[in-house]
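# Structural features, examined
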Amino acid sequence: VAYCEWDGEQANAMEALRRADPQAHFYGAVPDLLAQETFDLAVILLPPGEAISAALELVAAGKHLYIEKNGARRVGELGVLRDLAAEKGVVIQVGYPWTHHPVARQIRGLLEEGILGRLLDIEARLVTTQVRPGLRDPNHWMYRSATQGGGILHMEGGHWLTLFHYFTGAQVQSVTALCNRLTDEIETGLEDVATVALAFDSGVHALLHMGYLLSGVGMGNDMNFILRGQAGAIHWPLTGEFTVSSAAPAWQSAPVRTFQVEPATRAVYANQWGYEFVADFIHAIRSGARPPVTIDDGYQILQIIDAAYESSRTGRRIEL
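Before going into details, it helps to say that this report is about the structure given with it. Keep in mind the model is a prediction, meaning the values are calculated, not measured.

### Side note on the environment of Gly-229
Summarising the element assignment, Gly-229 is placed in strand β10 (residues 221–229). Along the sequence, Gly-229 and Leu-111 sit 118 residues apart, while their C-alpha atoms lie 9.2 Å from each other. Setting aside its immediate chain neighbours within four residues, Gly-229 contacts Leu-116, Arg-118, Leu-119 and Leu-120.

Below you can see the structure in the form of structure tokens.
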């Protein structure tokens with residue numbers, strides 16, 4: 001129906017959209033969009049520092065929202081949006097789509113079958129290239145406090161925290177963290193390395209390690225996701241392949257197995273599983289079903305991230 005963008009630096013992107021979508025209308029402010037157009041939902045693709053104000057205007061007008069991660073810089077800001085959405089009866093989905101990845105779904109199925117027995121702990125790692133000229137522009141909004149709200153934990157951590165919730169079916173009870181600035185390029189006060197230990201109300205422990213640490217020579221990303229249970233373990237390097245070892249009786253003939261999953265392709269972000277994540281949001285609006293990642297889920301993610309920063313700052317374990 002329409003696009004709304006007020007940053008002059010996005011003029012080239014807007015011109016490309018006009019060519020690609022000539023039937024759409026274009027606006028420079030949300031009030032003008034709301035005054036001139038009739039529509040059911042909006043997709044907010046803005047830095048967290050800008051997203052929350054636009055989201056509040058749209059929800060106040062009764063519009064459903066798909067909002068990119070993290071939706072806000074701090075959990076208190078997202079709490080205001082959550083409360084307004086409940087008052088207005090609108091559906092909000094937050095852009096953490098990894099629960100729809102076919103490997104994640106297959107792992108969830110194995111956990112429900114009891115292949116690992118009782119889940120004991122989860123370990124996740126994302127180490128990627130440094131914030132410095134030639135790799136990640138230190139002046140980009142993703143690496144600034146005013147626009148993003150934090151360092152690598154704030155920018156990327158929500159994806160893995162969402163998977164922690166998805167696999168455990170439990171809630172975080174406490175957070176202990178170290179968040180530090182190890183290079184001199186990322187903005188002072190933001191972390192380029194974060195190590196976060198979580199205790200869930202189910203008894204599961206989880207460790208999340210993240211860093212903008214790689215030099216750009218060799219691998220661009222160092223990723224892994226490990227789940228350990230009393231009867232086995234799953235190793236997933238965030239590709240289409242994962243390995244399961246299990247002492248379950250049904251696996252005695254082949255206790256270690258490697259699975260290869262080829263996600264279906266589609267000309268959209270995250271291929272077919274990204275499409276299905278958005279399609280389920282549309283279905284939730286139409287049917288009243290629960291969207292895959294709700295505003296409450298997004299609130300819990302930012303609550304954990306804020307608690308990690310408090311733990312690192314104070315040296316204390318933070319209870320949620």
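### Describing helix α5 (residues 102–113)
For α5, built from twelve residues, the straight-helix expectation of 16 Å at 1.5 Å per residue is met to within 8% by its first-to-last C-alpha distance of 17 Å. Of all the positions in α5, only Val-103, Ala-104, Ile-107, Leu-110 and Leu-111 are classed as buried. One side of α5 holds all its buried residues, which, seen down the axis, span an arc of 120°. Turned more than 90 degrees off the buried face of α5, the exposed positions are Glu-112 and Glu-113.

### Side note on the packing of helix α6 (residues 152–168) against helix α8 (residues 295–314)
Direction vectors running N to C along α6 and α8 enclose 120°, while the axes themselves pass 9 Å from each other. As judged from the angle between their axes, α6 and α8 are oblique. Along this stretch, α6 crosses α8, giving a crossing that reads as right-handed. Contact residues: Leu-153, His-154, Gly-158, Leu-161, Thr-162 and His-165 in α6; Gln-300, Ile-301, Leu-302, Ile-304, Ile-305, Ala-308 and Tyr-309 in α8. Looking at side-chain class alone, the contact of α6 with α8 contains eight nonpolar, five polar and no charged residues.

### Things to note about the pattern of salt bridges
Following the criterion strictly, the structure yields eleven salt bridges and no others. A salt bridge links Glu-319 to Arg-317, with the shortest nitrogen-to-oxygen separation between them at 3.6 Å. Each of the two residues, Glu-319 as well as Arg-317, counts as exposed. One salt-bridge network, held together by shared partners, links Arg-82, Asp-83 and Asp-296.

Reading guide: rules and limits
- Residues numbered from 1 in each chain as written.
- Predicted model: local features only at pLDDT ≥ 70, side-chain atom pairs only at ≥ 80, totals over all residues.
- Heavy atoms only, no water.
- Helix = DSSP H or I, 4+ residues; strand = E, 2+ residues; numbered from the N terminus.
- Contact = heavy atoms within 4.5 Å.
- Expected span 1.5 Å × (residues − 1).
- Buried < 20%, exposed > 50% of the residue type's maximum accessible area, 1.4 Å probe, protein only.
- Arc of directions from axis to C-beta.
- Axes fitted to C-alpha atoms, helices over the stretch in contact; angles between N-to-C directions.
- Parallel < 35°, antiparallel > 145°, perpendicular 65-115°, else oblique.
- Left-handed = near helix turned anticlockwise from the far one by under 90°.
- Nonpolar A, V, L, I, M, F, W, Y, C, P; charged D, E, K, R; others polar.
- Salt bridge = Lys/Arg side-chain N within 4 Å of Asp/Glu carboxyl O.

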